[in-house]
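# Examination of the molecular architecture
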Amino acid sequence: MLRVIGKRLALLIPTLFGLSVLLFLWVRSLPGGPATALLGERATPEAVARVNELYGFDQPLLLQYFTYMGKLLQGDFGTSIITGRPVLQEFATRFPATIELSVVALIFAIGIGIPLGYLAARHYGKVVDHGSVVLSLIGITIPVFFLAFILKYLFAIQWPILPPDGRQNPRINATHFTDFYVLDGILTGEYDAAWDAFQHLILPGLALGTIPLAIIVRITRASVLEVQNADYVRTARAKGLMEKTIRSRFILRNAMLPVVTTIGLQTGLLISGAVLTETVFAFNGIGSFLRDAIFELDYPVLQGFIIFIAILYALINLIVDISYTIIDPRVRVQ
Amino acid sequence: MFTSKTARGTLPTRKRAAAFTAGAAITALLLSGCVQSQREEDGGAGGEGEVDSTFVFAASSDPASLDPAFASDGESFRVSRQIFEGLVGVEPGTADPAPLLAESWETSEDGLSTTFQLKEGVTFHDGTDFNAEAVCFNFDRWYNFTGLAQAPSVSYYYNNLFRGFADSPEAAVYESCEVNGDLEATVTLAKPFAGFVPALSLPAFSMQSPTALEEFNADDIGGSSEAPQLSEYAQGNPVGTGPFKFDSWNVGEDLTISAYEEYWGEQGDVQQVIFRIIDDPQARTQALQAGTIDGFDLVSPADIPVLEEEGFMIVPRDPFTILYLGINHAVEELSDPLVRQAIHHAIDKQALIDQTLPEGTQLATQFIPDVVDGYNEDVTTYEYDPERAKELLAEAGYPDGFEVEFNYPTDVSRPYMPTPEQVFTNISAQLEEVGITVTPAPDVWTPDYLDRIQGTEDHGIHLLGWTGDYNDTDNFIGVFFGQEKMEFGFDNPELFEALSEARGMTDREEQTAMYEEINQQIAEFNPAIPLAHPAPSLAFAPRVDSYPASPVNDEVFNMIELNE
């Protein structure tokens, strides 16, 4: 087991190296440059030249690359051109927000998606089934930003039962030390702050969780349908096993394999959904930060971010693989 | 299969029903809890006729820096204006200089040295006295910037107005600062600079506490190779003399300042300001509607009637902007003065303003708004006259018109141009009327659009503009037409020289007269078309009674009046 994990992690090194080269070249081949973005209407040719000179953008690419890699190997991701803060610090303050949001979205997606998909399969061809298929189709086709906008309009403006934006009401003046606001509130005993932060997560969480929800419903349904007709399920029934046992140990467990893979993939994709959701809800996570970095060509942030995401994807895949071995003993034997 | 279905029995169904009921009950409870807490918040804020002294304003981004010397963006300055004050302020509601930390000043005859008499009894938020030494400390600090601190993206205003630093004295406008006593300081310039005093009203030249600047290494912006890194001072320790002192900055979320008890001036209704960072314009409007903020800037023209109807207060600023149709003279047809005149006559500016720009927008006949020195009432104008436009085109040898690329930006809203796409559509239609065929060339604002217009020759006519910083004519027309630029692609040494000469004049009256002449010179040359001076608007919650709107954004929140 440990060997598998070690091997996986070792493979990550050349992947990241290749990625760093590609990224470096790609980011720098984008038209324009950060100097224009920084100076706006005031970008006279002299000012642009002076910024490029002082920031080192006029150096040969190879030299820029080695400087960058040298720093990177020492754990220095550089400084954001736009905000003037170290890239790592920027990630550290924003990543918890996106994780909190993703967790809520995932709980929503998994908590409703698996039971709904399962029910749909069991009542194949009935109203529940048709209903869930239609709902999941809508869930997949509706654009995230549109859904986010509708949710916000309905539940924050028309009937203001939930906050429209942000992570926490700034008037609360809560203590933060982990930057996971709900957790901070619980740890410091400021329960009102935790509750407030949680309320801020509901609407963006629902918006972000809808696509994964729809996909999980479909995959669970398909998978359960396949498994519940399998020979071993029939055999189990013939042996007179209790229906409960058959459902939990034979059907659900086996049906979960593709679902887990899907959840893993969707977790990675949540980040891209977060770009839109966070913008609509003025939610200060990694998504809205990345959007700004793209618009303003913030090289160090873009590079750091993509390397960061690559590591994240690799880790999620690793977790998915490990969970296979827990769910499916056959994988363990291989 | 069939057997197994019936074998599932009825019990689980009942259980499921119970589970659903429980789920529904919990959801209902949660939601009613939300409603409850919302009510409590609302109730708590109102409170028995007492004014809620916390004011929440939505900013479109974080400040780039809390050290105004290293900032040039609107959001940094909005915050700086609360924390800091300069020697020179702005006459409320105008763009004219007024005494602030300096009660008076006198400039020598040669225009090179200015002696400031300082206000007595002013202290910085950290207890440091504000005096002549503090003034000279600040001037010397700017002059002695080194390395990345000299980059135009970092110390933009110092670069632009004072030109050189201690290590390049030949270009520098500043020479020295002398302490004549506790409350008198003399600043000597190496070159005449008539705009010197008005320039000091810019937040970039605010007085900062020498103690805090040193303690928190304000000039240490080394950072890594690619970008300057904010100093400890600029990240969280700004110290000025203003009505508010800095409390906290939750990057990306909010920034809080609170009333400075020892402030020399008036303390208003607002005791705490929270700047919430909401970068999406739509989200700012919705936040105001939902009641989570008290106000925001740059309201989209389309939202104004809606917000007004819902009872929100719209406050327009006097315009201090210019929106123009740029013309690239490097394009053969456009280099012909007759063609440029034809384009000018083809555009119905009033219709454009009525249809696409916010209320309060003024029609532009020249490239400066009327409150700026040198505005010329009698400048040559080109009335809307499509027939004349067609005649001029025929005279220029294009009786059937010609084809031209029309560049405009997308995904952007500027104070002088809230909706570029609409402006483009409107003007295109007008040009087509006189036979000029427009090829639309949209680009994303940064970096594509700006790069293409300012850094290449690959453009035809385009939309761009400017928001002035302070009452300085050079800050408008000098920026546009002071030198040969790829944006306009013309070489007019006569105009360049005149602008350069005007800039260096010491006598303000003479300078104003010269700028009036230059404005006429520009109008005759007709290098580009001034369209409008759009008025940016702010929107506020009904609990805000008044807001000190300023054409140059010199808006200090201790002047806000609240009714609940």
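Residues numbered from 1 in each chain as written. Chains lettered and ligands numbered in written order. Predicted model: local features only at pLDDT ≥ 70, side-chain atom pairs only at ≥ 80, totals over all residues.

Scanning chain A from terminus to terminus reveals 14 helices and 0 strands. Starting at the N terminus and walking to the C terminus, you meet the elements of chain A as α-α-α-α-α-α-α-α-α-α-α-α-α-α. Residues counted as buried form 43% of the 334 residues belonging to chain A. Look at the contacts in chain A between residues 6 or more apart in sequence, and 71% of them connect residues 24 or more apart. (Helix = DSSP H or I, 4+ residues; strand = E, 2+ residues; numbered from the N terminus. Buried ≥ 20, exposed ≤ 12 C-beta atoms within 10 Å, placed from the backbone. Contact = placed C-beta atoms within 7 Å.)

Turning our attention to the sheet that holds strand 5 (residues 113–118) of chain B. Residue and element names in this part refer to chain B. If you walk across this open sheet you meet the 4 strands as 4-5-7-6, and the pairing is antiparallel. Since the sheet does not close on itself, it has two edges, and those belong to strand 4 (102–107) and strand 6 (174–181), each with one partner. If you compare each strand with its neighbour and ignore which way they point, the axes differ by 20° on average. Across 5 bridges, the pairing between strand 5 and strand 7 (residues 184–189) is antiparallel. (Pairing = 2+ DSSP bridges. Axes fitted to C-alpha atoms, helices over the stretch in contact; angles between N-to-C directions.)

Further remarks concern the domain arrangement of chain B. In terms of domains, chain B is made up of domain 1 (9–61 + 251–317 + 538–564), domain 2 (63–240) and domain 3 (321–533). Taken together, the residues that form the side of domain 2 of chain B that touches domain 3 of chain B break down as 6 nonpolar, 4 polar and 1 charged. (Domains from an automatic or database assignment. Nonpolar A, V, L, I, M, F, W, Y, C, P; charged D, E, K, R; others polar.)

All names here are of chain B. Spatial ordering of the open sheet is given by 8-9-10-1-11-19-12, a layout of 7 strands whose pairing is mixed. Each edge of the sheet is formed by a strand with only one pairing partner; in this case those strands are strand 8 (244–250) and strand 12 (313–316). The sheet contact formed by strand 1 (residues 54–59) and strand 10 (residues 272–277) spans 6 bridges and is parallel. In the sheet register, Ala-59 faces strand 10, and the bridge partner there is Ile-277.

Bringing the domain arrangement of chain A into the picture now. Residue and element names in this part refer to chain A. Each domain of chain A was delimited in the assignment, giving domain 1 (2–73) and domain 2 (94–333). The distance between the C-alpha centroids of domain 1 and domain 2 comes to 32 Å. With 15 residues of domain 1 in contact, the opposing surface of domain 2 contributes 11 residues. Among the secondary structure elements, those contributing two or more residues to the side of domain 1 that touches domain 2 are helix 1 (2–29) and helix 2 (34–39). With 10 residues, the single largest contributor to the side of domain 1 that touches domain 2 is helix 1.

A separate point is helix 13 (residues 299–327) of chain A. Residues and elements named next belong to chain A. End to end, helix 13 covers 42 Å across 29 residues, agreeing with the expected 42 Å (1.5 Å per residue, within 8%). All of the buried residues in helix 13 are Tyr-299, Pro-300, Val-301, Leu-302, Gln-303, Gly-304 and Phe-305. Buried residues along helix 13 sit against helix 1, helix 2, helix 5 (87–122) and helix 12 (286–295). (Expected span 1.5 Å × (residues − 1).)

Turning next to unusual backbone geometry. Phi at Asp-179 of chain A is positive, roughly 70°, even though this residue is not glycine. Within the fold, Asp-179 of chain A resides in the loop between helix 7 (144–158) and helix 8 (181–188). Here the phi dihedral of Arg-163 of chain B falls at roughly 65°; this positive angle occurs in a residue that is not glycine. Note on placement: Arg-163 of chain B falls in the loop between helix 5 (156–162) and strand 6. For Arg-163 of chain B, a count of 16 C-beta atoms within 10 Å corresponds to the partly exposed category.

Glancing now at the UniProt feature "transmembrane region" (unreviewed entry) in chain A. Residue and element names in this part refer to chain A. The sites that UniProt annotates as "transmembrane region" (unreviewed entry) are residues 9–27, 101–121, 133–155, 197–217, 255–281 and 301–320. Annotation note: span residues 9–27, helix share 100%, strand share 0%, distance between end C-alpha atoms 26 Å. With 100% helix and 0% strand, the stretch residues 197–217 has end C-alpha atoms that lie 28 Å from each other. (UniProt positions renumbered as here; feature names shortened; annotations may be inferred.)

Our next topic: the interface of chain B and chain A. Contact residues are listed per partner, giving 48 residues for chain B and 58 residues for chain A. At the level of secondary structure, the elements contributing two or more residues to the side of chain B that touches chain A comprise helix 1 (2–7), helix 2 (11–46), strand 9 (254–259), strand 10, helix 9 (281–290), helix 15 (445–455) and strand 17 (461–467) of chain B. Taken together, the residues of the side of chain B that touches chain A sort by class into 21 nonpolar, 17 polar and 10 charged.

Our focus in this paragraph is the packing of helix 6 (residues 127–141) of chain A against helix 9 (residues 191–228) of chain A. Residues and elements named next belong to chain A. Direction vectors running N to C along helix 6 and helix 9 enclose 140°, while the axes themselves pass 8 Å from each other. The angle between helix 6 and helix 9 places the two elements in the oblique class. With respect to the hand of their crossing, helix 6 and helix 9 are arranged in left-handed fashion. The segment helix 6 lies against helix 9, with Ser-132, Ser-136, Gly-139 and Ile-140 engaging Thr-210, Ile-211, Leu-213, Ala-214, Ile-215, Val-217, Arg-218 and Arg-221. Looking at side-chain class alone, the contact of helix 6 with helix 9 contains 6 nonpolar, 4 polar and 2 charged residues. (Parallel < 35°, antiparallel > 145°, perpendicular 65-115°, else oblique. Left-handed = near helix turned anticlockwise from the far one by under 90°.)

Below, the discussion takes up the pairing of strand 15 (residues 403–410) of chain B. Residues and elements named next belong to chain B. Direction of pairing for strand 15 relative to strand 16 (residues 437–444): parallel, over a ladder of 8 bridges. Its bridge partner being in strand 16, Pro-409 is matched across the sheet by Asp-443. For the crossover that starts at strand 15, traverses helix 14 (residues 420–433) and ends in the parallel strand 16, the hand is right-handed. Alignment of strand 15 against strand 17, held across 2 bridges, turns out to be parallel. Bridge pairing links Phe-406 to Ile-461 in strand 17. (Right-handed = clockwise from strand over helix to strand, strands pointing away.)

Looking now at the pairing of strand 4 of chain B. Looking along a regular strand, one sees side chains alternate from face to face of the sheet. Residues and elements named next belong to chain B. Relative to strand 5, strand 4 runs antiparallel, the two being bridged by 5 bridges. When the sheet's bridge partners are listed, Ala-102 is paired in strand 5 with Leu-118. A loop of 5 residues connects strand 4 with strand 5, the two strands running antiparallel in sequence, and Gly-111 in this loop sits at a positive phi of about 75°.

With that out of the way, let us pick up the UniProt feature "domain: ABC transmembrane type-1" (unreviewed entry) in chain A. In the numbering used here, UniProt assigns the feature "domain: ABC transmembrane type-1" (unreviewed entry) to residues 95–324 of chain A. End-to-end, the C-alpha atoms of residues 95–324 of chain A are 27 Å apart, and along that stretch the chain is 81% helix and 0% strand.

Residues and elements named next belong to chain A. Locating Tyr-68 in the fold gives a position in helix 4 (residues 61–73). Measuring from C-alpha to C-alpha, the distance between Tyr-68 and Pro-204 comes to 36 Å, with 136 residues separating the pair along the chain. Ignoring any residue separated from it by four or fewer positions in sequence, one finds Tyr-68 in contact with Phe-24 and Gly-78.

The next thing to look at is the confidence of the model for chain B. All names here are of chain B. Taken over all residues, the pLDDT of chain B has a mean of 88, while the share at 70 or more is 90%. Per-element averaging of pLDDT across chain B places helix 1 at the bottom with 35 and helix 4 (residues 132–143) at the top with 97. Below a pLDDT of 50 lies the segment residues 1–48, which in the model reaches 12 contacts outside its immediate sequence neighbourhood of four places, other chains included. Across the predicted assembly, pTM comes out at 0.85 and ipTM at 0.85. (pLDDT = per-residue confidence, 0-100.)

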